[in-house]
Amino acid sequence: MARSPFTLVAAVTAALPGAEVVGARPLTSGGDGRFDSAVATLADGREIVIRVSAGEEDAAHELAEESLALRALTAGAREMLPFQVPAYLGEVRVGDDRGLVTDLMPGFQIEAADVPSGRGAAVSMGGAIAAVHGLPTSVVRAAGLTVRDAAGVRDEVRQLIDRAAATGRVPVRLTTRWRNAVEDDDLWRFETTVTLAGVQALSFLFEDDPKDGPQVTGMIGWNGLTVGDPAEDLGWLSGAPDAAADVHRAYAAASSRAADDALQVRARLHAELEYARWLVHGTDMRLPDVVDDAAALLESLSDGLRSDDLRVIASYTGGVDSALDVLDRTPDTTSVAVDTSMQTDAYRPEDLWLEEEAAADADASDQSDAADAADAAEGDARTASGTTAAQADTAALSDAGARSDAGEPAAWDAPTQDLAEVGLVRGSTHGSDTESAPVAEQPSDIDSAEEAQRAARAALQRWTSSDSE
């Protein structure tokens, strides 16, 4: 049974000795009921928040983690962030449960599905996440919080998949998909950063700016503060199909780290694994309703996927050579689309499938462009190798004639000439008299074809002589 706000705020004085509480009201945000929360108004006008675990061990552990994280954020670290972070005021015990007291953060929240595209909320959210990831890792290390490298993150994911699969409630298609992703080395080459290990849309607090739209002014939910995979803080974008692209762009623009080609793929994987984590939680806590709910979500996820593949598809933008490289790496059959939608128990599957279809269409378009570039390059090569001797002769005659008219010696100029043809010319036995004869001085009564042949030989001999010198 939920505690009343008056019961909760009565415990505030234990965390703030001498504080005079003059008002109380409930604080709710449509959560999962693991916490009882209230806002206490003090005589000096301040408003503070008290959150108490509602009998669950996991909830109490989460409050303990948030307490450590907020104390780890020193004044210097907070100054590096372009938004406010809750201030730690104290901890209390309410019966057998743990309570955490912080100041009240102003602002409004936006559900993931309602975050609009364009400037405003999406751009501000991307910049806020990048700012968190830009904090020095010493903030986490000094507080004794968890520090993971890329291999450690990979091992955690592998263990989670194994535990979920052991329940027998995960579709084989998903288990195979996830295990293949874990074994893809390209997916796990990344630079670890300070993260919140799972930012959600409701972690952001906004204030409306008349010019730029909603701007992030605060972030809550710091219990996951750690050093780990930055992709964990982007998984929520699977439930924000309108804003995802703008958030990713803003994040990349604000980030000072090297580009991470696998970032979005890992973000999708982490989001899908939220279903697996929910399943494991229900199994560990012996909660049949949670287990059944997680299993239903996993079945829905499996049924909605268009592709079984989670892998990194590199972008090639270097011209024909890169296009041919893409073509060499592509099977003759229809290319496998990169599945960029992500699903967790917090998001609606129908939103994620729309995102997946858009990603598949984009991949198909990119593959078509690469194939067209490769075909064009191959056609150019066939044209060059198939140039006949008569075409070469005609090109040489035209060049020689033009240079002769200008009073300059004729020279060979055939940019598409194959080197095999050049080798044959160097092995010929033309006389020195032919080499020194200007094209313009050829007898006028010679047949036009013979004249062309002689002019070409002369031009070739001049090119051979100048090259050997």
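Per-chain numbering applies: the sequence of each chain, read as written, is numbered from 1 onward. Reporting in this predicted model follows two pLDDT cut-offs: at least 70 for local features of residues, and 80 or more for side-chain atom pairs to be given and counted; totals over whole chains, interfaces and linings ignore these cut-offs and use all residues. The side-chain values count all of the structure's non-hydrogen atoms but skip hydrogen atoms and water molecules.

### Brief notes about the pairing of strand S8 (residues 213–219)
Thought 1: Two strands qualify as a pair provided DSSP detects at least 2 bridges between them. In this text, helices come from DSSP runs of H or I with a minimum length of four residues, and strands from runs of E with a minimum of two, each type numbered from the N-terminal end. In terms of strand pairing, strand S7 (residues 204–209) meets S8 through six bridges, oriented antiparallel. In the strand pairing of S8, Phe 206 is matched with Val 216.
Thought 2: What sits between S7 and S8 in their antiparallel hairpin is a turn of three residues.

### Description of the nonpolar core
Thought 1: In this text, buried Ala, Val, Leu, Ile, Met, Phe, Trp, Tyr and Cys residues form a nonpolar core when linked through side-chain atoms within 4.5 Å. Relative accessibility under 20% of the residue-type maximum defines a buried residue, over 50% an exposed one, and the middle range a partly exposed one, all with a 1.4 Å probe and only protein chains included. In this structure, Phe 83, Phe 204, Met 219, Trp 222, Leu 225 and Trp 236 are the most contacted members of the largest nonpolar core, which totals 45 residues.
Thought 2: The set of elements that each furnish at least two residues to this core consists of helix H3 (57–72), helix H5 (121–133), helix H6 (138–142), S7, S8, helix H9 (244–254) and helix H10 (263–284).
Thought 3: The biggest single contributor to this core is H5, with eight residues.
Thought 4: Counting 29 residues, the second largest nonpolar core, distinct from the first, contains Trp 178, Leu 187, Val 280 and Leu 301.

### Quick look at the sheet that holds strand S1 (residues 21–26)
Think of a sheet as strands paired side by side through backbone hydrogen bonds, with each pair either parallel or antiparallel.
Thought 1: One open sheet accounts for five strands, arranged S1-S2-S3-S5-S4; its pairing is antiparallel. The sheet terminates laterally at S1 and strand S4 (88–94), the two strands that pair on one side only. This sheet shows a mean twist of 25° between the axes of neighbouring strands, independent of strand direction.
Thought 2: Bridge count for S4 against strand S5 (residues 97–103) is six bridges, and the pairing is antiparallel. Note that in S5 the partner of Arg 93 across the bridge is Arg 98.
Thought 3: Running over the sheet, H3 touches strand S2 (35–42), strand S3 (47–53), S4 and S5 and is turned about 35° from S5. To get an axis, a line is fitted to the C-alpha atoms, and for a helix only the part in contact is used. The angle between two axes follows their N-to-C directions and goes from 0 to 180 degrees. Residue contacts are defined here by distance: any two heavy atoms, one from each residue, within 4.5 Å place the two residues in contact.

### Brief notes about the packing of helix H8 (residues 172–182) against H10
Thought 1: Between H8 and H10, whose axes approach to 12 Å, the crossing angle comes to 135°. With respect to H10, the axis of H8 lies oblique. Note that H8 runs across H10; the crossing there is left-handed. Judged by residue contacts, Arg 177, Trp 178 and Ala 181 of H8 engage Arg 268, Leu 269, Glu 272, Leu 273 and Ala 276 from H10.
Thought 2: Following the grouping adopted for this structure description, the nonpolar residues are Ala, Val, Leu, Ile, Met, Phe, Trp, Tyr, Cys and Pro, the charged ones are Asp, Glu, Lys and Arg, and the polar ones are all others, Gly among them. Residues that form the contact of H8 with H10 fall into these classes: five nonpolar, no polar and three charged. Orientation is classified from the angle alone, with under 35 degrees giving roughly parallel, over 145 giving roughly antiparallel, 65 to 115 giving roughly perpendicular, and any other angle giving oblique. Handedness of a crossing follows from how the near helix is turned relative to the far one, being left-handed for an anticlockwise turn of less than a right angle and right-handed for a clockwise one.

### Re the environment of Leu 279
Thought 1: Structurally, the position occupied by Leu 279 is in helix H10.
Thought 2: With residues near it in sequence (within four places) discarded, Leu 279 still touches Ala 164, Thr 167, Arg 169, Val 170, Val 291, Ala 294 and Leu 298.

### Description of the pattern of salt bridges
Thought 1: The term salt bridge refers to a side-chain nitrogen of Lys or Arg lying within 4 Å of a carboxyl oxygen of Asp or Glu. Applying the stated criterion across every chain yields a total of 24 salt bridges.
Thought 2: Across the pair Arg 158 and Glu 183 runs a salt bridge whose closest N-O atoms are separated by 3.4 Å. Of the two residues, Arg 158 sits in helix H7 (residues 150–166) while Glu 183 sits in the loop between H8 and strand S6 (193–195), which places them 25 residues apart along the sequence.
Thought 3: Taking the shortest distance from any N to any O, the salt bridge between Arg 179 and Asp 162 comes out at 3.1 Å.

### Let's talk about the packing of aromatic side chains
Two aromatic rings, taken as a pair, are described by how far apart their centres are and by the angle between their planes.
Thought 1: Pairs were defined over the aromatic rings of Phe, Tyr and Trp, the Trp ring being its six-membered one, requiring ring centres within 6.5 Å. Orientation was assigned from the angle between planes: stacked under 30 degrees, edge-to-face over 60, tilted for the rest. For the coordinates displayed, the defined rule picks out three aromatic pairs.
Thought 2: Taken together, a centroid distance of 6.5 Å and an interplanar angle of 35° make the contact between Phe 204 and Phe 206 tilted. The two residues Phe 204 and Phe 206 agree in class, both being buried.
Thought 3: Here the aromatic cluster, defined as three or more aromatic residues joined through ring pairs, consists of Phe 108, Phe 204, Phe 206 and Trp 236.
Thought 4: Sitting over the ring of Phe 35, Arg 51 keeps its end group 4.4 Å from the ring centre. The criterion is that NZ of a Lys, or CZ of an Arg, lies within 6 Å of the ring centre and within 35 degrees of the ring normal, and then a charge sits over that ring.

### Comments concerning the packing of H7 against H10
Thought 1: At a closest axis distance of 9 Å, the pairing of H7 and H10 adopts a crossing angle of 50°. Considering the angle they form, H7 stands oblique to H10. Crossing handedness for the pair H7 and H10: left-handed. Contacts between H7 and H10 involve Val 153, Val 157, Leu 160, Ile 161, Arg 163 and Ala 164 on the former and, on the latter, Leu 269, His 270, Leu 273, Ala 276, Arg 277, Leu 279, Val 280 and Asp 284.
Thought 2: Tallied by class, the residues present in the contact of H7 with H10 amount to ten nonpolar, one polar and three charged.

### Observations regarding H9
Thought 1: Turning to H9, its buried residues are Ala 244, Asp 246, Val 247, His 248, Ala 250 and Tyr 251.
Thought 2: Looking at the buried side of H9, the elements it contacts are H5 and H10.

### Examining H3
Thought 1: Given the number of residues in a helix, its expected span is that number minus one, multiplied by 1.5 Å. For H3, with 16 residues, the first-to-last C-alpha span of 23 Å sits near the 22 Å given by 1.5 Å per residue.
Thought 2: Restricting attention to buried positions, one finds in H3 the residues Ala 59, Ala 60, Glu 62, Leu 63, Glu 66, Ser 67, Ala 69, Leu 70 and Ala 72.
Thought 3: On its buried face, H3 sits against S2, S3, helix H4 (75–79), S4, S5 and H6.

Geometric descriptors of this kind do not, in isolation, establish any biological role.
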